[in-house]
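Residue-level structure breakdown
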Amino acid sequence: MPQPVALSGLSGWLPSRTVDNTDVLARLPEGLTEEWIVQRTGIRERRRVEPGMSTSDMAVRAAAPLVATTTGRIDAVVVATTTPDFPIPATAPIVAAELGLVDAAAWDVNAACSGFVTGLAAVTSMISAGVFGRALLIGADAMSTVVDPGDRNTAILFGDGAGAVLLEADSGAETGSFGPFDLGSDGGSTRLVGIDAGGSRQRSRTGPSVVADRDHYLRMAGPELFTHAVRRMTASGATAVKDAGWQPSDVDWLVAHQANVRILTAVADRLDIPEERCVVNLDLVGNTSAASIPLAMAHLHRSGRARAGDRVLLTAFGAGLAWGSTTLTWPDLPH
């Protein structure tokens, strides 16, 4: 029989360096203003890693408090990221070693901004099937390492950070449990967002033509992505709510990928969830890609607004195109 799975720990970590809109505008074409960025995105500042700090460094810092307070073996470490330390090896084994989790299974999930929800689906399924008893899932991205500081479409949006959750089998769990997952993709729309250089199709990251074309930076077709994000998160979120046996009015908190405040508002409106139930922290951290949802969850927890037993909808959308949603009965976590 499948085992119930509970979220038993939650932690987030952000770099200390704050980059506000004034700093971003210094590298962008003249004519843009702070007000324009806020109205367009809702973002006022974001965090950036210092030179030399990698995605694994942030992941370790996010997960360390969970490891320190956990008794018993952690069987697996999964890192959802689009900015791994290296093409090979995966970042997760590096993180596991730094955390002292000897012999733990470890692998990465690359589903861009939907990576954390995709990782949740995979890890909870494995725990439910008895493959693991306890696992760490970490969303971490150093987006500043792949964003062109002179590109108005991306430079205003992205920040760096990491968030982690501890997941474990718990037959008596009344809170912290997940509902059904809804996942999907549209590989025919890969042109809308991605990094062209560095893979097997365009191998060189340092050749003259790559540097000249800036193909080693993230590219994004903002208006088209906006439409896809709203449509996909709305449909996927509605499916997750329905499959959980809930009504939209049952949702206490909407924790959606923190891409753009206008996207968040549009998704909440189409799902018929009041705007005051929509968790927003992107004004302070920007779009942190795979770290977005766990950091928003950590923000909600720190605010003290969520109570054990609250019904939460998680939904995300990102490059691939890929999207995913699930429901969560909020756990009883220490403050």
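Above this text sits the structure in question.
All chains use their own residue numbering, which begins from 1 and follows the written sequence. Since the coordinates come from a predicted model, pLDDT governs what is reported: local features require at least 70, and pairs of side-chain atoms require 80 or more to be given and counted, while whole-chain, interface and lining totals use all residues. Working from all heavy atoms in the structure, the side-chain values ignore hydrogens and water.

1. Points about the side chain of Ser 292
We count a stretch as a helix when DSSP gives it H or I for four or more residues in a row; a strand needs E for two or more, and each element gets its number in order from the N terminus. On the secondary structure map, Ser 292 appears in helix H10 (residues 292-303). Only protein chains enter the accessibility calculation, which uses a 1.4 Å probe; a residue is then buried when its area is under 20% of its type maximum, exposed when over 50%, and partly exposed in between. For Ser 292, a relative accessible area of 1% translates into the label buried. Polar contact criterion, stated in full: a pair of N or O atoms within 3.5 Å, where within protein one must be able to donate a hydrogen and the other to accept it, and residues adjacent in sequence count only if both atoms are side-chain atoms. Of the polar contacts made by the side chain of Ser 292, one reaches the side chain of His 257; its length is 3.1 Å. Whether two residues are in contact is decided by their heavy atoms: any pair within 4.5 Å suffices. When sequence neighbours within four positions are dropped, the list of residues in contact with Ser 292 reads Ala 256, His 257 and Gln 258.

2. Remarks on the packing of aromatic side chains
Here a Phe, Tyr or Trp ring, Trp counted by its six-membered ring, pairs with any other such ring whose centre lies within 6.5 Å, and the pair is stacked when the planes are under 30 degrees apart, edge-to-face when over 60, and tilted otherwise. Counted by the stated rule, this structure contains two aromatic pairs. Directly above the aromatic system of Trp 13 lies the positively charged group of Arg 61, at a separation of 5.6 Å from the ring centroid. Definition used: whenever NZ (Lys) or CZ (Arg) falls within 6 Å of the ring centre and also within 35 degrees of the ring normal, the charge is taken to sit over that ring.

3. Here's the deal with the pattern of salt bridges
The salt bridge criterion pairs a side-chain nitrogen of Lys or Arg with a carboxyl oxygen of Asp or Glu, the two atoms within 4 Å. A complete count under the given rule lists seven salt bridges for this structure. Note that Asp 75 is salt-bridged to Arg 73, the shortest N-O span being 3.0 Å. Accessibility expressed as a relative area gives 17% for Asp 75, which makes it buried. Overall, Arg 73 belongs to the partly exposed group, its relative accessible area being 45%. As a salt-bridge pair, Arg 134 and Glu 168 come within 3.5 Å of each other at their nearest N and O atoms. Within this pair, whereas Arg 134 is found in strand S6 (residues 134-142), its partner Glu 168 is found in strand S7 (residues 160-169), the two being separated by 34 residues in sequence. Residue classification places Arg 134 among the buried positions, given a relative accessible area of 15%.

4. Regarding the sheet that holds S7
Two strands are said to pair when DSSP picks up at least two bridges between them. Taken in spatial order, the five strands make up an open sheet running S1-S7-S6-S4-S5, and their pairing is mixed. Looking along the sheet, the strands with just one partner apiece sit at the ends: strand S1 (5-13) and strand S5 (105-109). Within the sheet, the average angular offset between the axes of one strand and its neighbour, ignoring direction, is 15°. Here S1 runs beside S7; their pairing, made up of eight bridges, is antiparallel. Paired with Trp 13 across the two strands is Ala 162, which belongs to S7. The axes used here are C-alpha line fits, helices contributing only the stretch in contact, and every angle between their N-to-C directions lies in the interval 0 to 180 degrees. With respect to the sheet, helix H4 (residues 91-98) is in contact with strand S4 (76-80), S5 and S6, its orientation differing from that of S5 by roughly 135°. Where H10 meets the sheet, its contacts fall on S1, S6 and S7, and the angle it forms with S1 comes to roughly 90°.

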